[in-house]
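# Report on the structure
Residues per chain, in single letters:
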Amino acid sequence: MAAFGRLVLVSVFVSISNAACPDKEPGLKNWSDPATWPNGIPGNGADVIINDKIALDASPGVDLGSVMIVTGGQLVFLPNRDLILRTKFIGIKGGRMDIGSEDCLYEGKATIQLLGTSQDIYSVPGFGRKFLGVDVNGTLEIHGQKKLPWTKLTSPVPKLTDDAYASRDVVEKHTTTRGFMVNSYDPQTGFRDRPRGEFMIGMSHQKGIERETGRLIDYVNDIPSGNVIMLAVRKFIVDKENIFDRSQFYDAVEILGYGKVTGTSKIRDLRFYDSFAMIVVKGDTSKTVEGFDPYRAGGIHQTSTATLLSDDMRLKFYVESYTRSVGFGHSNAVFEVTYADRSIPTLDVSDNVASWQAGDKIFITSTDYDWRQVEVGTVFPCDNCNNNQIKVDLTAKFSHYGAITKNVDMRAEVGLLTRNIVIEGDMTNGDDQLGGHIKVLNGFRNFHIEGAELRRMGQSLELGNYPIHWHMCEDVDDIEIYPKPTYARENSIHESYARCVTVHATHGAMVADNICFKSIGHGYFLEDGGEKRTTFRGNLGVGQTKGNLVPTDVRPTTFWITNPQTIMENNVAAGGDGFGIWYIFPVEPIGPSKGRGYMLPEEASHTAITWFYNNVVHSNSLVGLKIDDSMDENGTRVTNNRYEPWNDPTDESSGSKQVEIVKLTAYKNRYFNAYMRGFIELVDSSLADSVHGLQIVRWRTGGQKVTNTVIIGDSENLGEPDSAGASRSLPNANPMAGPLPRKGLIFGIGPMIVKNVWFDGFADTANAESGALGFQPINGMYISTDTVLEGIGFGFDDLSEGNRVYQGPIPVDYRDGSRVERLFDPTGSITSVPGATIIRSNPFQMTPKCVERTNWRMAVCKENFAMLFVKLETKDSATMMRTDDIKTNRQTSDDMGQAVFNVVTSGAYGYLLKFNKILPKGTFSLRGTGMAPGHSFMIGVCVPKDLVFMGMVRKPAPGRMSEVDSVAGVTSGDGSKYYIDRDVGVLFVKFSYDSGNSLTTVMFFVKLQTSNRMDVDCEAAYSAKYGATQTVVGQSQLQLPAELVHSSRTPPQNAGAGSTRA
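Quick caveat, the model's predicted, so the values are computed rather than measured.

Along its length, the protein chain carries six helices and 81 strands. With respect to the three principal axes, the spread of C-alpha positions in the protein chain is 115 × 70 × 55 Å. The burial tally for the protein chain puts 60% of its 1062 residues in the buried class. As displayed, the protein chain has an accessible area near 38,500 Å², and 50% of this comes from carbon and sulfur atoms. Positive and negative side-chain charges in the protein chain, numbering 107 and 122 respectively, have mean positions lying 4 Å apart.

Listing the buried residues of helix α6 (residues 1019–1026) in full gives Glu1019, Tyr1022 and Ser1023. Buried positions in α6, seen along its axis, are confined to an arc of 100° and lie on one side of it. Seen from the buried face of α6, the exposed residues on the opposite side, beyond 90 degrees, are Ala1020 and Ala1024. Elements that come into contact with the buried residues of α6 comprise β70 (878–882), β71 (890–892), β73 (910–915), β75 (936–942) and β80 (986–992). Note on α6: the residue one or two positions beyond its end, Gly1027, has a positive phi of about 95°.

Using the criterion set out here, one finds five disulfides in the structure. With its sulfur 2.0 Å from that of its partner, Cys850 forms a disulfide with Cys861. Here Cys850 and Cys861 share a disulfide; its torsion about the S-S bond, 115°, makes the bridge right-handed. Residue Cys850 is located in strand β67 (residues 850–853), and its partner Cys861 is located in strand β68 (residues 858–861); the two are separated by 11 residues in the primary sequence. Cys861 carries the same exposure label as Cys850, and that label is buried. Take the cysteines of the protein chain that form disulfides and number them in order along the sequence; they join up as 1-2, 3-4, 5-6, 7-8, 9-10. Between Cys473, a free cysteine, and Cys500, which holds the nearest cysteine sulfur, the sulfur-to-sulfur gap is 19 Å.

Turning to the environment of Leu600, a few remarks are in order. Within the element layout of this structure, Leu600 appears in the loop between β47 (579–583) and β48 (611–618). When the C-alpha positions of Leu600 and Val833 are compared, they lie 51 Å apart, and in sequence the two are 233 residues distant.

Across the two faces of strand β30 (residues 413–416) the burial is the same, with Glu413 and Gly415 and Val414 and Leu416 all buried. Relative to β30, strand β14 (residues 150–152) runs antiparallel, the two being bridged by three bridges. Residue pairing in the sheet places Thr151 in a bridge with Val414 of β30. The pairing of strand β25 (residues 361–364) with β30 spans three bridges and is antiparallel. Note on β30: the bridge partner recorded for Phe363 is Gly415.

What the four strands build is an open sheet, ordered β15-β23-β22-β21; its pairing is antiparallel. Edge positions in the sheet fall to β15 (165–171) and β21 (301–309), since each of these pairs with one other strand and no more. Each strand axis lies, on average, 10° off the axis of its neighbour in the sheet, ignoring direction.

The full count for this structure, using the stated rule, is 67 salt bridges. The salt bridge partner of Glu336 is Arg168, with a shortest N-O separation of 2.8 Å. Taken as a pair, Glu336 in strand β23 (residues 332–339) and Arg168 in strand β15 lie far apart in primary sequence, 168 residues in all. When its relative accessible area of 0% is taken as the criterion, Glu336 is described as buried. Across the pair Arg215 and Glu212 runs a salt bridge whose closest N-O atoms are separated by 2.7 Å.

Per-residue confidence for the protein chain gives a mean pLDDT of 92, with 95% of residues at or over 70. Counting interchain partners and residues more than four positions distant, the pLDDT-below-50 stretch residues 1–19 has 56 contacts.

In space, the seven strands of this open sheet follow the order β71-β70-β73-β75-β80-β79-β78, with mixed pairing throughout. Strands at the two margins of the open sheet, each flanked by one partner only, are β71 and β78 (962–963). Two elements, β78 and strand β79 (residues 977–981), share two bridges in a ladder whose sense is parallel. Note on β79: the bridge partner recorded for Ser962 is Lys977.

Bridge analysis of strand β19 (residues 277–281) against strand β20 (residues 284–291) gives four bridges, and the strand direction is antiparallel. Bridge pairing links Val281 to Asp284 in β20. Where β19 folds back onto β20 in an antiparallel hairpin, the turn is made up of two residues, including Gly283, whose phi is positive at roughly 95°.

What counts and what doesn't
Residues numbered from 1 in each chain as written. Predicted model: local features only at pLDDT ≥ 70, side-chain atom pairs only at ≥ 80, totals over all residues. Heavy atoms only, no water. Helix = DSSP H or I, 4+ residues; strand = E, 2+ residues; numbered from the N terminus. Buried < 20%, exposed > 50% of the residue type's maximum accessible area, 1.4 Å probe, protein only. Areas by Shrake-Rupley, 256 points an atom, 1.4 Å probe, with all protein chains shown as cover. Lys, Arg positive; Asp, Glu negative; His and termini not counted. Charge placed at Lys NZ, Arg CZ, Asp CG, Glu CD. Arc of directions from axis to C-beta. Contact = heavy atoms within 4.5 Å. Disulfide = S-S within 2.5 Å. Pairing = 2+ DSSP bridges. Axes fitted to C-alpha atoms, helices over the stretch in contact; angles between N-to-C directions. Salt bridge = Lys/Arg side-chain N within 4 Å of Asp/Glu carboxyl O. pLDDT = per-residue confidence, 0-100.

Shown next as structure tokens:
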């Protein structure tokens, strides 16, 4: 097919004005007027070129080959009528197309159907196939009716209980029954009056098909007139090759539904594993309803439904056919008769929804862990509804939460799918995932799209073809070039085969108040990582499923943000198969953006996120908000984003700049509500219901903060119980390792500053332990001694109602970071003991001033600890012994090159250290951090007896150490003395901190000379001379209440994110 056709309209007008209402444009010629066209009205297959002003005043009624609008050309959709334009593609180069304007929103109904299948071989340069494209100097203006895009529930929508059903029959997913399922119902009672009919129409055998068709005819002939008959496909009724004659079957269905053979029923178009639903009132063909939706979610899931109300509006008949083309047995058919007053509920919502009309399709998002609990309904007439209410035809299979609980807004979103302007990919010839797409190229003049419905758009097998796509347009916020900045707003995009909105090598795009409902791969998408100044505001996304256009599509994300210079405000990611929001920055822009100077190498990893405010993530299968990972030049995920923002992203010396994540609401995300890496502060946020509530890890700069936040383990939102007898839903168990422990705030390296954070709902469940404060498992690094916790509150009593702290069992791979985990509680808000340390309850660390808290697997100690670091040879370990009982109170490090120990600094305890294989070569260092002012401790180090060395100490200024002739000389000194007992082979030094300086790190650097580096085990000789035990005096036993009472049953009024929408 040629890109330029044979029907050319000669231009009469040179200039085109910008009338407020495009249908008032002077000189418009009607499409339906034969005089408008030099060769008559375009017919079927015509390639039309428009270079004059044309008004689409009536549907052409044919399938066009193409429409090209060139310089001087304009195509205006006239309002107040029902228009359908069917064509393979529309190209706009130099011309313009108008469906309404900002000042004159389109009234009426306009539909553009983009035709074609993957078998079409043409390709238009820059655009490909099946598109609406805006090229150089082109203008596309689409402005649908003003309708609220989405709102939130203000009261719950309960799932229907058994007493709401007059009858219910489900052909379960795992049964072997397949084919055409038929049920008959009494129209007055809604009761089924005979067993379900099952007809194996899909068999690959002609005589068998004819036999089953005969059985179907006999079955329906026996049904009394007036009965309601519901029919559904379960799995398939057409064999894979579709080589057998089923005309007798199709005729029988049409005669049942329409009283005669019409040849028009959608059932004739079915292919292998296509779904189909139908309702018939026998003898009344005016009431026949067919349901067929060609869209396959994720390429494999297809659902078709049909609904009919009884004449007295008392009963609702509903049938659903669900087919899944991958996976044995995962298809079903559902037949339901419900009492209409229960299955057509009135919804209370937060916004004025008077713009929503009867017949509009809406959806209610899941408020549980499974995003697939999203449900679609139809707005029903309601004379007594106020502006914040709608009546909806909805047989609710799931409950949808409608409350703000303890400052966590878990109200379900209610989104609008129906718009009066529809742009869709026509899929009547089969769902090959080649939908339509809208693409805008660099040099366009104007592009604005609002109030449109885009369905079955995007192309899953080809890069670059998405429902809405700015492609390489560069600075679209330059008002010198674009006085009216481009935008996509208030659009409903659903059943997309590839993404929803893509911004590619374009800076300054506005994406606001859109719906992205069920799409393959990432939803809202910044493509190469060079896209700057994009604004995402007020958008809602749900149902992103796995794709394969780019490697990261295996973790489909609703908002995929590859550049930190992005504004994210008031958006909702309401569930999908991967992440809600994922900030993932390439080292430098990839793909066609590479080398264009949009971002310097590593600039993104040093650029602070521009703005993150009041965004919601919930019901995602993996993570709600993730700020981590990078990409290589092929777009493959690389772990660790190395995110360290600077004040000047190109100058390390400019200093670190902390990123603020403000008013995040995250709940029911299975594995992490939020996981972030970098110099980040989480402020005024609310998190609930996940395996892991929050973890912020550092790259190089510590000091991550959590401030004025609410973190809940199990909330009052119970969800759908996972099993019979269960009281609530729970996150998935790890299939490889079993149930995962639940943790609210997870501590890793740090330091973290945690202030005014309130926790609730951390009780153990039947299959998982739980705790508000937890630790990173198998931690090869160490937790900083500078972590700060202040103003911590709890809504539960510790022990009887939950656990303030969780520590897991000793891991198999037990590294030093896990051994020395600890938290300091300066005000006692966690332990009830001001100045206490929470530490692992092993003998080496326990003293009489420690009380083990068994439900934490930790101890509370009224002791000050320092963390001592010892340099080791590769693959060597060290053993530290406390001298009050050398045999019992000891700990051996891992062999990772550095040993780490917690040591008591009160001076009451001494320590003996030995290297287990060999003395480090040349030099070794001992470094103590977290020393309390005025505290000290003594340590002996096993060394070769012929050791010759020079020691240096820094406290805080460096100085040479001097030798004394006794242990007492070291003990009474200021930490700059040492003593070597050469009979035993032990070096004594003292760590002390006099508080005269702000430094809490004391370091010894030792230069070593010896002829026998392996002579390092002095334990026996030390015990013989100094004793294996020593008496410690003045140690009073710490008393701790068995029950730690809640601080408040509800969070502080202004804590957390609170309401996310008025």
